[in-house]
Amino acid sequence: SPSFMIASQLGATQTPDGGINQARSHCEQYVEVADDGSVYDDWRLPTEAEIAIIVKFQDSSEVMDVVLAGANYFCASPKGYVSTGIESGSGKYTRCIRDVY
C-alpha cells in the first residue's frame, strides 16, 4: 500500500500460541473510533514490506516513535511472520494496519 495507518498501541497483541489465524482474525474484527467519530474497521495484517518501512522510520529518524518493539510480527506472507531485528526472542505480535486512500 502506498499509504497506510497503523493501529494504536491498544490494538497490539501478543499471540501466545503463535497462530497466524488468530492474528488475522484479530485484525478483521479490530475497530478504532477517532476523536471526530470516524470509525475505522477495515484493518488487515501488514505485508513484510510495510513492516520494513515502519522499522526503518522508527529506527532511523525522528519522524515517529517506536511502534514495533517486538522481535516478530505476523504479516501477510508465506511464512506468516517477519523478524524485526529489534530484539531477540520467539514471541510473535500482531499490529494491524489499514490502507488510506
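Residues numbered from 1 in each chain as written. Predicted model: local features only at pLDDT ≥ 70, side-chain atom pairs only at ≥ 80, totals over all residues. Heavy atoms only, no water.

Using the criterion set out here, one finds 1 disulfide in the structure. With its sulfur 2.2 Å from that of its partner, Cys27 forms a disulfide with Cys96. Because the torsion about its S-S bond is -95 degrees, the bridge between Cys27 and Cys96 counts as left-handed. Of this pair, Cys27 sits in helix H1 (residues 20-29) while Cys96 is found in the loop between strand E7 (92-94) and strand E8 (97-99), placing the two residues 69 residues apart along the sequence. Cysteine Cys75 shares no disulfide, and the gap to the nearest cysteine sulfur, in Cys27, comes to 11 Å. (Disulfide = S-S within 2.5 Å. Helix = DSSP H or I, 4+ residues; strand = E, 2+ residues; numbered from the N terminus.)

What follows is about a nonpolar patch on the surface. Residues Val31, Val33 and Val39 make up a contiguous nonpolar surface patch of about 260 Å² in total accessible area. Within the fold, Val39 resides in strand E4 (residues 39-40). (Patch = residues over 30% accessible without salt bridge, like charges linked within 9 Å, V, L, I, M, F, W, Y side chains within 5 Å. Areas by Shrake-Rupley, 256 points an atom, 1.4 Å probe, with all protein chains shown as cover. Salt bridge = Lys/Arg side-chain N within 4 Å of Asp/Glu carboxyl O.)

This brings us to the packing of aromatic side chains. By the definition in use, this model includes 2 aromatic pairs. Taking the centre distance of 5.6 Å and the plane angle of 70 degrees together, the rings of Tyr30 and Trp43 count as edge-to-face. Separated by 13 residues along the polypeptide, Tyr30 in the loop between H1 and strand E3 (32-33) and Trp43 in the loop between E4 and helix H2 (48-60) bring together distant segments of the chain. The interplanar angle of 40 degrees and the centroid separation of 5.7 Å between the aromatic rings of Tyr73 and Tyr93 together place this pair among those described as tilted. One end of the pair, Tyr73, is in strand E5 (residues 72-74); the other, Tyr93, is in strand E7, and 20 residues separate them in sequence. Residue Tyr93 is classed as partly exposed on the basis of its relative accessible area, which comes to 23%. Cation over ring: Lys92 sits above Tyr81, and NZ or CZ is 4.4 Å from the ring centre. (Phe/Tyr/Trp six-rings, centres within 6.5 Å; stacked < 30°, edge-to-face > 60°. Buried < 20%, exposed > 50% of the residue type's maximum accessible area, 1.4 Å probe, protein only. Lys NZ or Arg CZ within 6 Å of the ring centre and 35° of its normal.)

With that settled, the discussion passes to the environment of Ala76. As for its position among the elements, Ala76 is in the loop between E5 and strand E6 (81-83). Note: C-alpha distance between Ala76 and Arg24 (52 residues apart in sequence) is 8.7 Å. Residues contacting Ala76, with those up to four places away along its chain left out, are Leu45, Pro46 and Thr47. (Contact = heavy atoms within 4.5 Å.)

Time to look at H2. Counted at 1.5 Å a residue, the expected span for H2 with its 13 residues is 18 Å, and the 18 Å between its end C-alpha atoms agrees. Those residues of H2 not exposed but buried are Glu50, Ile51, Ile54, Val55 and Gln58. For H2, the angular spread of the buried residues around the axis is 135 degrees, confining them to a single face. Away from the buried face of H2 by more than 90 degrees, exposed residues Lys56 and Ser60 are located. Looking at the buried side of H2, the elements it contacts are strand E1 (4-6), E5, E6 and E8. (Expected span 1.5 Å × (residues − 1). Arc of directions from axis to C-beta.)

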